[in-house]
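# Chains, contacts and geometry: an overview
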Amino acid sequence: MRLHESHYAYPLIESVHVWCMAAFFGLALLFDLRLLGWTMRRVPVSEMSRRLLPWTVVAFVVMVLSGSLLLFAIPLRTYQNIFFRTKMLMLALAGLNVWIFSSRVYRRVETWDLDALPPRAARVAGALSIALWIAVIVSGRMIAYNWFDCDTQPHSAIIRSLAGCTTPDSRN
Amino acid sequence: MLLPFFSWCEHSWIGQTIQGSVWLFPVIESIHLVGLGVIAGAVLIVDMRLLGFGLRSQSAEEVAANARPWMIGSLVLMVASGILLFLSEATKCYYSFPFWFKMSSLALAIVFTFTLKRRVIRQNLDQRYPLLGKATAIVSLGLWFGVAWGGRWIGFS
């Protein structure tokens, strides 16, 4: 694939990916902090959700599109990258957390909309969300620095199997 | 003139330790990135409010008061992690246009945020002069985006 070799396209797409991440994470974080009762305590939770989350959806869509392009530029090496695999796992867990929050906790929001300190279940969802998105960002940044690359041997058997290395183990 | 200082930074104990490690630079960079997300949220929510998006039923002053501790906290985190990253590649930064562009934008963004923008919000000037509020938001977004552009591009230069 030529994208990785392009002088401007790859850096530009990666920049768009990072900037969308900043907008997405920043606005999602403010919502999560509201769930924890750490900011905007006088603003109804439903207003935060209605006013901010559409922007996070837009940023998320652009992030997925730009991220897919980055993946397709370097597909095999990325697929066998232990940090990429960690990132996808954390992303799935973050998605699961959003699904559980919106299908259970947020459905009864009118009973706690104005609470400065939302109920425990909402606070747990907020804290989990922050932790999981930070894990996505950190493992995402590590993809480019992969010091467990299958081609730079030797690695322990567990690292090789977690990364899905198919090259022969250099220690044999 | 500054080159000997930049070179001294890179040869400092901290600069050499980060350079000599495979994982220290990426880990510090990740902390810098998380800080970027926090500051982006804290800046965006206020500028969006000034532009008439986001938390429209709250005053810009109320939104800014809530966002301020997160903005200042993340700024401190970013400057601290940024200094560590700089120490490990100071000579490269000296010759990097994006680095100087980023530092100039950062200085302007900080001065603008804590003087003119603060005044517009504190005195609720955006309510009397909506265009002034919008102009303030656009300048703020432009300056902070300049910082973000330079930051990402240091790594590509």
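For the structure itself, consult the block above.
Residues numbered from 1 in each chain as written. Chains lettered and ligands numbered in written order. Predicted model: local features only at pLDDT ≥ 70, side-chain atom pairs only at ≥ 80, totals over all residues. Heavy atoms only, no water.

This part takes up the overall build of chain A. Counting its regular elements, chain A contains six helices and zero strands. Counting from the amino terminus, chain A carries its helices and strands in the arrangement α-α-α-α-α-α. On the principal axes, the C-alpha backbone points of chain A span a range of 60 × 35 × 25 Å. Residues counted as buried form 47% of the 172 residues belonging to chain A. When contacts within chain A are restricted to residue pairs at least 6 apart in sequence, those whose partners lie at least 24 apart make up 70%. Carbon and sulfur atoms form 68% of the exposed surface of chain A, whose accessible area is close to 9,300 Å². The average position of the 17 basic charges and that of the 10 acidic charges among the side chains of chain A differ by 5 Å. (Helix = DSSP H or I, 4+ residues; strand = E, 2+ residues; numbered from the N terminus. Buried < 20%, exposed > 50% of the residue type's maximum accessible area, 1.4 Å probe, protein only. Contact = heavy atoms within 4.5 Å. Areas by Shrake-Rupley, 256 points an atom, 1.4 Å probe, with all protein chains shown as cover. Lys, Arg positive; Asp, Glu negative; His and termini not counted. Charge placed at Lys NZ, Arg CZ, Asp CG, Glu CD.)

A few words on the interface of chain B and chain A. Taken together, the contacts link 35 residues of chain B with 34 residues of chain A. With both sides pooled, the region where chain B packs onto chain A buries about 3,100 Å², and carbon together with sulfur makes up 75% of that total. If you sort the residues of chain B by the area they bury against chain A, Leu55(B), Trp70(B) and Arg152(B) come out on top, with a joint share of 18%. Counting across the interface, chain B meets chain A through three salt bridges. Ionic pairing is found between Arg152(B) and Glu14(A), a salt bridge with its closest N-O pair at 3.0 Å. Here chain B is connected to chain A by nine residue pairs in polar contact (both at pLDDT 80 or more). (Buried area = accessible area lost by both parts, 1.4 Å probe. Salt bridge = Lys/Arg side-chain N within 4 Å of Asp/Glu carboxyl O. Polar contact = N/O pair within 3.5 Å; in protein donor to acceptor, adjacent residues only side chain to side chain.)

Glancing now at the pattern of salt bridges. Across all of its chains, the model carries seven salt bridges over all chains by this definition. Ionic pairing is found between Glu29(B) and Arg141(A), a salt bridge with its closest N-O pair at 3.4 Å. One end of the pair, Glu29(B), is in helix H3 (residues 24-51); the other, Arg141(A), is in helix H5 (residues 120-143), on a second chain. Note on accessibility: Glu29(B) and Arg141(A) belong to one class, buried. Taken together, the shared-partner salt bridges connect Arg77(A), Asp149(A) and Asp151(A) into one network.

Under the definition given, this model contains one disulfide over all chains. Here Cys150(A) engages in a disulfide with Cys165(A); their sulfurs sit 2.0 Å apart. One quick way to see it: the torsion about the S-S bond of Cys150(A) and Cys165(A) is about -85 degrees, and its sign makes the bridge left-handed. Residue Cys150(A) is located in the loop between H5 and helix H6 (157-163), and its partner Cys165(A) is located in the segment after H6; the two are separated by 15 residues in the primary sequence. Using a relative accessible area of 5% as the deciding quantity, one classes Cys150(A) as buried. Residue Cys165(A) is classed as buried on the basis of its relative accessible area of 15%. Between Cys9(B), a cysteine without a disulfide, and Cys93(B), which holds the nearest cysteine sulfur, the sulfur-to-sulfur distance is 9.9 Å. (Disulfide = S-S within 2.5 Å.)

All right, on to the packing of aromatic side chains then. Summed over the entire model, instances satisfying the criterion amount to 25 aromatic pairs over all chains. With a centroid separation of 4.6 Å and 65 degrees between ring planes, the pair formed by Trp19(A) and Phe145(B) is classed as edge-to-face. Of this pair, Trp19(A) sits in helix H1 (residues 9-36) while Phe145(B) sits in helix H8 (residues 130-154), on two different chains. By relative accessible area, which is 18% here, Trp19(A) ends up buried. Residues Trp147(A) and Phe148(A) carry aromatic rings whose centres are separated by 6.0 Å and whose planes lie at 45 degrees to one another, so their mutual orientation is tilted. (Phe/Tyr/Trp six-rings, centres within 6.5 Å; stacked < 30°, edge-to-face > 60°.)

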